Amino acid sequence: MAVPAGTNGTTRKREPQWPVSVGVYGVLFLCGAVQGLIGSFQYSRAAGPVPVAALACCAVILATCVLGAWATRSVSGAVLPGIGWILTSFVLSMPVSNGSVIITSTTPGKWYLYGGTLSVAAAVVASFVGTARWAGRR
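Cut-offs applied
For every chain, the first residue of the written sequence is number 1, and numbering continues from 1 onward in sequence order. Only residues with pLDDT of at least 70 get local features here, since the model is predicted, and only at 80 or more are side-chain atom pairs given and counted; chain-wide, interface and lining totals rely on the full set of residues. Calculated side-chain values reflect all of the structure's heavy atoms, with hydrogen atoms and water omitted. Grouping into patches uses exposed residues only, defined as over 30% relative accessible area, and leaves out salt-bridged ones; the cut-off is 9 Å for like charges and 5 Å for nonpolar side chains (Val, Leu, Ile, Met, Phe, Trp, Tyr). Areas reported as accessible are Shrake-Rupley estimates using a 1.4 Å probe. Residue values count occlusion only from the protein chains shown. A pairing counts as a salt bridge when a side-chain nitrogen of Lys or Arg comes within 4 Å of a carboxyl oxygen of Asp or Glu. Each helix is a run of DSSP H or I of at least 4 residues and each strand a run of E of at least 2, with the numbering of both proceeding from the N terminus. Each residue is assigned to one of three classes by its accessible area relative to the maximum for its type, calculated with a 1.4 Å probe on protein chains only: buried under 20%, partly exposed between the two thresholds, exposed over 50%. Any pair of N or O atoms that falls within 3.5 Å is considered a polar contact. Within protein, one atom must be able to donate a hydrogen and the other to accept it, and sequence-neighbouring residues count only if both atoms are side-chain atoms. Side-chain atoms within 4.5 Å link the members of a nonpolar core, which is a set of buried Ala, Val, Leu, Ile, Met, Phe, Trp, Tyr and Cys residues. Contact definition: two residues touch when any of their heavy atoms are within 4.5 Å. Every angle, taken between N-to-C directions, lies between 0 and 180 degrees, and every axis is a line fitted to C-alpha atoms, over only the stretch in contact when it is a helix. Should the near helix be turned anticlockwise from the far one by less than a right angle, the crossing is left-handed, and should it be turned clockwise, the crossing is right-handed. Gly is placed with the polar residues, together with every amino acid not listed as nonpolar (Ala, Val, Leu, Ile, Met, Phe, Trp, Tyr, Cys and Pro) or charged (Asp, Glu, Lys and Arg).

Caption draft 1: Representation of a nonpolar patch on the surface within the structure. On the surface, Val 50, Val 52, Leu 55 and Trp 111 cluster together into a nonpolar patch covering about 340 Å² of accessible area. Here Leu 55 is to be found in helix H2 (residues 52–72).

Spelled out as structure tokens, the structure:
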């Protein structure tokens with residue numbers, strides 16, 4: 001058996017990859033949280049009766065979750081931005097002690113919260129399907 005030159009028969013240890021993974025998943029979580037923060041203040045913009053900004057926010061979080069799953073080749077890539085978005089959006093929809101609310105119970109507010117939650121759920125389901133496909137190609 002031939003030994004590659006310069007290795008003296010030893011094998012190189014691989015560096016642990018967990019710091020990179022933690023960083024990637026942390027950035028995905030923060031990306032979802034920032035989208036929730038921005039969307040919570042912009043969801044009410046509409047074109048007539050159509051809540052355009054709420055629907056756009058739903059599409060953006062769907063794309064973020066799907067692309068996160070695709071990039072990481074894991075379901076966690078879809079779940080973490082979704083958790084960040086849900087935590088931020090639903091915390092900002094709760095009333096505070098003085099009675100003020102950021103996300104109101106209006107049609108755009110309902111489209112933003114419920115549509116965004118369904119978008120996250122759809123992205124997680126799509127990531128399960130994608131993970132099965134990616135595993136089949138190995």
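Caption draft 2: Fine view of the side chain of Ser 74. If you trace the backbone, Ser 74 turns up in the loop between H2 and helix H3 (76–92). Note on Ser 74: relative accessible area 15%, which makes it buried. In this structure the side chain of Ser 74 is engaged in a polar contact, spanning 2.9 Å, whose partner is the side chain of Tyr 25.

Caption draft 3: Region of the structure containing unusual backbone geometry. At Arg 73, a residue that is not glycine, the phi angle is positive and equals roughly 55°. Mapping Arg 73 onto the fold places it in the loop between H2 and H3.

Caption draft 4: Representation of the environment of Arg 73 within the structure. Residue classification places Arg 73 among the partly exposed residues on the basis of a relative accessible area of 39%. A distance of 2.6 Å separates the side chain of Arg 73 from the backbone oxygen of Trp 70, its partner in a polar contact.

Caption draft 5: Seen up close, the nonpolar core. One finds Cys 65, Tyr 112 and Val 120 to be the most contacted residues of the largest nonpolar core, which totals 15 residues. When contributions to this core are tallied by element, the ones reaching two or more residues are H2, H3 and helix H4 (107–136). The residues contacting Val 120, other than those within four sequence positions of it, are Ile 61, Cys 65, Gly 82, Trp 85 and Ile 86.

Caption draft 6: The packing of helix H1 (residues 18–42) against H3, seen in detail. Orientation of H1 relative to H3, taken along the N-to-C sense of each, is 35°, at an axis distance of 7 Å. As H1 packs across H3, the resulting crossing turns out to be right-handed. Contacts from Tyr 25, Leu 28, Phe 29, Gly 32, Ala 33, Gln 35, Gly 36, Leu 37, Ser 40 and Phe 41 of H1 reach H3 at Ser 76, Gly 77, Leu 80, Pro 81, Ile 83, Gly 84, Trp 85, Leu 87, Thr 88, Ser 89 and Leu 92. Grouping the constituent residues of the contact of H1 with H3 by class yields twelve nonpolar, nine polar and no charged.

What is shown is where atoms sit, not what they do.
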